[in-house]
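The chain contents come next:
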Amino acid sequence: METRIIAINKSESPAAILEKLSQAGRIIRQGGLVAFPTETVYGLGGDALNPEAAHKIYAAKGRPSDNPLIVHIAHISSLDRLVGGIPEKAKKLAQAFWPGPLTMIMNKSGMVPYQTTGGLDTVAVRLPSHPIALEFIRQAGGYVAAPSANISGRPSPTEAKYVVQDMGGRIDMILAVDGNEGVIGLESTIVDMTVDVPMILRPGYITQAMISQEIGETDIDATIFDAASDKAPKAPGMKYRHYAPKGELVIVEGNPEDVVAYINQQARLHRDKGEKTGVIGTDTLVTKYDADIVKNAGSRSEPLMAANRLYTFLREFDDEKVEFMYSEAFSNDGLEQAIMNRLLKAAGHKIIKV
Ligand code: TXA
Ligand code: MG
């Protein structure tokens, strides 16, 4: 299949951008697939109300079809038709965090095909804040099912070039914006609103503390941090090994000097065997690592930078053919919790405490 790559620049006139988005919208309404930017990661969009489109999305990603899709809307009023009743707490969270990087799970209405929800009676809904995403969803008819626009198992794409790498030749169109400034870089926070005490199924930029401040008590799915748990995660997609680079990634936790010493020792051992090593570190430590490639995740006081760059680092390590990767650990607080969650998944939960 030939994929049309449509570049969208900030300097273009609103009319020129609208014309492009209207073409993209037409593709969705005709049952095709279009990748589009959001404030979290690029999405791979299809008509959420068309079972055939869901089928095409699973095929393009190489994704198991029991893994449900998020339905993206552009107006809060679209929610009524998707769900069978909006819980009061969901109204509060929508008020506080939409448009934005929050996905809520509610009981689905008859309008949403089971192909979109992976056979579940619930549906995940998100109202993104990215202006291109919003206009695209409107042009597409208002209901766009979209997983992240990566091949299943690879890091989610935070830049257009990675969407082209993964989806080129597999879908009808890619809406490619310049750079990824202001992009969060990790997928939305997912909260299950179908239970009395809403439960966070995937941590993200909207933290548990922020959510609890609006609606009181919340839970967090314990399987997120406990690799040894024999329970299945509540978000079916969280059970798959994700974001995995081709080489081996290990997270190293401990006080900074010990972390640096351990990683440098490992890098030396690898070097002696002719193996290439990469490190993800924060700004006060990066100059201390003696590895082949060292990535700077920025300051711990501004974790948004690490979030924005993490998936790019993992993809760059692949391109640079790095065989062994080490990353500093992040905390279990605020946005760092989401970063650590994705790192743990990428590392297959390999963590060394020094
Ligand atoms: O930021 C995001 O959420 C991005 C952008 C494109 O909006 N989308 C995204 O979609 O990350 P995806 O498909 O890569 O991840 C969706 C996750 C999966 O883990 C899936 O299992 C879970 O949401 N999910 C979707 N519907 C669900 C449902 N009804 N119940 C439980 N989990 C659900
Ligand atoms: Mg994904």
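Look up: the structure comes first, before these words.
1. Observations concerning the overall build of the protein chain
Turning to step 1, where the next piece is worked out: Across its full length, the protein chain holds ten helices and 16 strands.
Turning to step 2, where the next piece is worked out: Taking 354 residues into account, the globule formula puts the C-alpha radius of gyration at 20 Å, and the protein chain, at 20 Å, falls close to it.
Turning to step 3, where the next piece is worked out: With respect to the principal axes defined by its C-alpha atoms, the protein chain has extents near 60 × 45 × 35 Å.
Turning to step 4, where the next piece is worked out: Counting only residues that meet the buried cut, the protein chain has 57% of its 354 residues in that class.
Turning to step 5, where the next piece is worked out: Within the protein chain, contacts between residues separated by at least 24 positions form 69% of all contacts whose residues are at least 6 apart in sequence.
Turning to step 6, where the next piece is worked out: Surface summary for the protein chain: the accessible area is close to 14,600 Å², and the carbon and sulfur share equals 51%.
Turning to step 7, where the next piece is worked out: Counting 38 positive and 43 negative side-chain charges, the protein chain places the centres of these two groups 4 Å from one another.

2. Some words on the site of ligand 1
Turning to step 1, where the next piece is worked out: Around ligand 1 sit 28 residues in total, of which Thr40, Asn67, His72, Ser188 and Gly237 are the nearest.
Turning to step 2, where the next piece is worked out: Bound to the protein, ligand 1 loses 98% of the 690 Å² it would expose on its own.
Turning to step 3, where the next piece is worked out: Elements with a minimum of two residues in the shell around ligand 1: β4 (70-72) and β6 (122-126).
Turning to step 4, where the next piece is worked out: No other element matches β6, which puts four residues into the shell around ligand 1.

3. Concerning helix α4 (residues 88-97)
Turning to step 1, where the next piece is worked out: Of the positions making up α4, those classed as buried are Ala90, Leu93, Ala94 and Phe97. Down the axis of α4, the buried set is contained in an arc of 105°. They therefore lie on one face. Among the exposed residues of α4, those oriented more than 90 degrees off its buried face are Glu88 and Gln95.
Turning to step 2, where the next piece is worked out: Each element contacted by the buried residues of α4 is listed here: β5 (102-107) and α7 (208-215).

4. Brief notes about the packing of aromatic side chains
Remark: the centre distance and the inter-plane angle together describe each pair of aromatic rings, the angle taken between the planes.
Turning to step 1, where the next piece is worked out: Tallying each qualifying case throughout the model produces one aromatic pair.
Turning to step 2, where the next piece is worked out: If you follow Lys108 out to its NZ or CZ, it ends over the ring of Tyr114, 4.1 Å from the centre.
Turning to step 3, where the next piece is worked out: Above the face of the Phe317 ring, Lys295 is positioned so that its terminal group lies 5.3 Å from the ring centre.

5. A look at the environment of Asn150
Turning to step 1, where the next piece is worked out: With respect to the element layout, Asn150 can be found in the loop between β7 (144-145) and α6 (160-167).
Turning to step 2, where the next piece is worked out: Considering only alpha carbons, one finds Asn150 and Pro236, 86 residues apart in sequence, at a separation of 17 Å.
Turning to step 3, where the next piece is worked out: With residues near it in sequence (within four places) discarded, Asn150 still touches Lys61, Pro155, Ser156, Pro157, Asp166, Met167 and Arg315.
Turning to step 4, where the next piece is worked out: Among the polar contacts listed, one links the side chain of Asn150 to the backbone oxygen of Arg154, at a separation of 3.1 Å.

6. Description of the nonpolar core
Turning to step 1, where the next piece is worked out: Trp98, Leu102, Met104, Phe136, Leu175 and Ile211 are the most contacted members of the largest nonpolar core, which totals 63 residues.
Turning to step 2, where the next piece is worked out: Leave out the neighbours within four places in its chain, and Met104 touches Ala90, Leu93, Ala94, Trp98, Val123, Ala124, Val125, Val191 and Met193.
Turning to step 3, where the next piece is worked out: Judged by nonpolar contacts, the second largest core, of 27 residues, contains Val41, Leu249, Phe317 and Ala346.

7. Comments concerning the pattern of salt bridges
Pairing between side chains of opposite charge can happen when their charged atoms approach one another.
Turning to step 1, where the next piece is worked out: Scanning the entire structure with this criterion turns up 14 salt bridges.
Turning to step 2, where the next piece is worked out: Note that Lys20 and Glu12 form a salt bridge whose closest N and O atoms lie 2.7 Å from each other.
Turning to step 3, where the next piece is worked out: Note that Glu39 and Arg126 form a salt bridge whose closest N and O atoms lie 2.8 Å from each other. Linking Glu39 in the loop between β2 (34-36) and β3 (43-47) with Arg126 in strand β6, this pair joins segments that are 87 residues apart in sequence.
Turning to step 4, where the next piece is worked out: Under the relative-accessibility criterion, Glu39 is labelled buried at 8%.
Turning to step 5, where the next piece is worked out: Linked by salt bridges that have partners in common, Arg154, Asp166, Arg315 and Asp318 make up one network.

8. Focus on the pairing of strand β12 (residues 248-253)
Turning to step 1, where the next piece is worked out: Here β12 pairs with strand β15 (residues 324-328) via five bridges, running parallel. Note that in β15 the partner of Val250 across the bridge is Tyr326.
Turning to step 2, where the next piece is worked out: In the sheet, β12 pairs with strand β16 (residues 351-353) via three bridges, with the strands oriented parallel. Bridging from a neighbouring strand, Ile251 pairs with Ile351 of β16.

9. Re the sheet that holds strand β14 (residues 293-296)
Turning to step 1, where the next piece is worked out: Sheet architecture is open: five strands sit in the order β14-β13-β15-β12-β16, paired in parallel fashion. Each having just a single partner strand, β14 and β16 make up the two edges of the open sheet. Neighbour-to-neighbour, the strand axes of the sheet open up by a mean angle of 20°, direction not taken into account.
Turning to step 2, where the next piece is worked out: Along the sheet, helix α8 (residues 256-272) contacts β12, β13 (277-281), β15 and β16; its crossing angle with β15, the most-contacted strand, is approximately 175°.
Turning to step 3, where the next piece is worked out: Along the sheet, helix α9 (residues 303-319) contacts β12, β13, β14 and β15; its crossing angle with β14, the most-contacted strand, is approximately 160°.

10. Regarding the layout of surface pockets
Turning to step 1, where the next piece is worked out: Approximately 690 Å³ is the volume attributed to the largest pocket.
Turning to step 2, where the next piece is worked out: Around the largest pocket, the lining is made up of 43 residues, and of these Arg63, Asn67, Pro68, Ile70 and Ile190 lie nearest the centre.
Turning to step 3, where the next piece is worked out: Of all the elements in the fold, those that place two or more residues in the lining of the largest pocket are β4, β6, β9 (189-192) and β10 (199-202).
Turning to step 4, where the next piece is worked out: With four residues, β6 is the largest single contributor of residues to the lining of the largest pocket.

What counts and how
- Residues numbered from 1 in each chain as written.
- Chains lettered and ligands numbered in written order.
- Predicted model: local features only at pLDDT ≥ 70, side-chain atom pairs only at ≥ 80, totals over all residues.
- Heavy atoms only, no water.
- Helix = DSSP H or I, 4+ residues; strand = E, 2+ residues; numbered from the N terminus.
- Rg over C-alpha atoms; globule rule 2.2 N^0.38 Å.
- Buried < 20%, exposed > 50% of the residue type's maximum accessible area, 1.4 Å probe, protein only.
- Contact = heavy atoms within 4.5 Å.
- Areas by Shrake-Rupley, 256 points an atom, 1.4 Å probe, with all protein chains shown as cover.
- Lys, Arg positive; Asp, Glu negative; His and termini not counted.
- Charge placed at Lys NZ, Arg CZ, Asp CG, Glu CD.
- Near = heavy atom within 4 Å.
- Arc of directions from axis to C-beta.
- Phe/Tyr/Trp six-rings, centres within 6.5 Å; stacked < 30°, edge-to-face > 60°.
- Lys NZ or Arg CZ within 6 Å of the ring centre and 35° of its normal.
- Polar contact = N/O pair within 3.5 Å; in protein donor to acceptor, adjacent residues only side chain to side chain.
- Core = buried A, V, L, I, M, F, W, Y, C linked by side-chain atoms within 4.5 Å.
- Salt bridge = Lys/Arg side-chain N within 4 Å of Asp/Glu carboxyl O.
- Pairing = 2+ DSSP bridges.
- Axes fitted to C-alpha atoms, helices over the stretch in contact; angles between N-to-C directions.
- 1 Å grid on protein atoms, 1.4 Å probe; cavity = no way out; pocket = protein on both sides within 12 Å on 5 of 7 lines; lining within 4 Å.
- Points joined across faces, edges and corners; volume = space filled by probe spheres on them.

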